[in-house]
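Each chain is listed here by its residues.
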Amino acid sequence: MSNYLISISKNQALKDGTIHDPKSKLKIKAFDLLQSRFKPRQGEVRFFVTAGDETLAFETEGYNKHRQLLILQMISWYCIYLGLFEAQIHSTWPSAFSLN
């Protein structure tokens, strides 16, 4: 599994970072859905992760036809980094939550 870079601003929680792939220049923004507001942007690819009582959203930044496998690898790497070993990645919004 590759190593990626994580950037987190001083105002963000750890689970609200951005994952960077230095090779492809792909960026994926992470959102903790219990603490952050997430508004999907048009033209970007998004996935959702559930792990116990945690629910995260991931969205590409400047999506430019990157391979879906690379996006999933970056998300799974980030989940392992956070210690969410039981994480399940969903391609659609988890049914336990509603978009408001």
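For the structure given in this document, a descriptive report is provided here. (Residues numbered from 1 in each chain as written. Predicted model: local features only at pLDDT ≥ 70, side-chain atom pairs only at ≥ 80, totals over all residues. Heavy atoms only, no water.)

### Looking at the nonpolar core
Heads up, the rule is: Among the buried residues, those of types Ala, Val, Leu, Ile, Met, Phe, Trp, Tyr and Cys that are joined through side-chain atoms within 4.5 Å form a nonpolar core. Residue burial is assigned from relative accessible area. The probe radius is 1.4 Å, only protein chains are included, and a residue is buried under 20% of its type maximum, exposed over 50%, and partly exposed in between. A helix here means a DSSP run of H or I that spans at least four residues, while a strand means a run of E at least two residues long, and both kinds are numbered starting from the N terminus. In this analysis, two residues are considered to be in contact whenever any of their non-hydrogen atoms come within 4.5 Å of each other.
If you look at the biggest cluster of nonpolar residues, it comprises 19 residues, and the most contacted ones within it are Ile 19, Ile 28, Phe 58, Met 74, Ile 75 and Tyr 78. Elements with a minimum of two residues in this core: strand S3 (27-32), strand S4 (46-51), strand S5 (54-61) and helix H1 (68-82). Setting aside anything within four residues of it in sequence, one finds Met 74 in contact with Tyr 4, Ile 19, His 20, Asp 21, Leu 26 and Ile 28. Core analysis: the next-biggest nonpolar cluster, separate from the first, contains five residues, Leu 33, Phe 38, Phe 48 and Ala 57 among them.

### Concerning the packing of aromatic side chains
Here is the rule: A pair of Phe, Tyr and Trp rings is counted when the ring centres sit within 6.5 Å of each other, with Trp represented by its six-membered ring. The angle between the planes then sorts it: under 30 degrees is stacked, over 60 is edge-to-face, the rest tilted.
If you walk through the whole model with that rule in mind, you get eight aromatic pairs. Relative to Phe 48, the ring of Phe 38 lies with its centre 6.1 Å away and its plane at 85°, an arrangement referred to as edge-to-face. Highlighted residues: Phe 38 in the loop between S3 and S4 and Phe 48 in strand S4, separated in sequence by ten residues. A single burial state applies to Phe 38 and to Phe 48, both of which are buried. Ring pairs connect the aromatic residues Tyr 4, Phe 58, Trp 77, Tyr 78 and Tyr 81, which therefore count as one cluster.

### Points about the environment of Asp 21
Its location among the elements puts Asp 21 in the loop between strand S2 (18-20) and S3. Separated by 15 residues in the primary sequence, Asp 21 and Ile 6 place their C-alpha atoms 9.1 Å from one another.

### Considerations on H1
Because each turn of an α-helix spans 3.6 residues, side chains separated by three or four positions in sequence point in the same direction. Convention followed: Between the first and last residue of a helix there are one fewer steps than residues, each counted as 1.5 Å, and that sum is the expected span.
Helix length check: H1 (15 residues) gives 21 Å between terminal C-alpha atoms against 21 Å at 1.5 Å per residue, within 8%. Every buried residue of H1 is listed here: Leu 70, Ile 71, Met 74, Ile 75, Trp 77, Tyr 78, Cys 79 and Leu 82. Contacts from the buried residues of H1 go to strand S1 (5-7), S2, S3, S4, S5 and strand S6 (88-90). One or two positions beyond H1, positive phi appears at Gly 83, with a value near 85°.

### Quick look at the side chain of Asp 32
Mapped onto the fold, Asp 32 is located in strand S3. Beyond its immediate stretch of four places on either side in the chain, Asp 32 contacts Lys 15, Asp 16, Glu 54, Thr 55 and Leu 56.

### Some details on the pattern of salt bridges
Going by this rule: Put simply, a salt bridge is a Lys or Arg side-chain nitrogen that is within 4 Å of an Asp or Glu carboxyl oxygen.
Applying the stated criterion across every chain yields a total of two salt bridges. Here Glu 59 makes a salt bridge to Arg 41, at a shortest N to O gap of 3.2 Å. Here Glu 59, found in strand S5, pairs with Arg 41, found in the loop between S3 and S4; they are 18 residues apart in sequence, far enough to count as distant. Taking relative accessible area as the criterion, Glu 59 reaches 1% and is therefore assigned buried. Here Arg 46 ties to Glu 59 by a salt bridge, and the two come within 3.2 Å at their closest N and O atoms. Taken together, the residues Arg 46 in strand S4 and Glu 59 in strand S5 connect sequence positions 13 residues apart.

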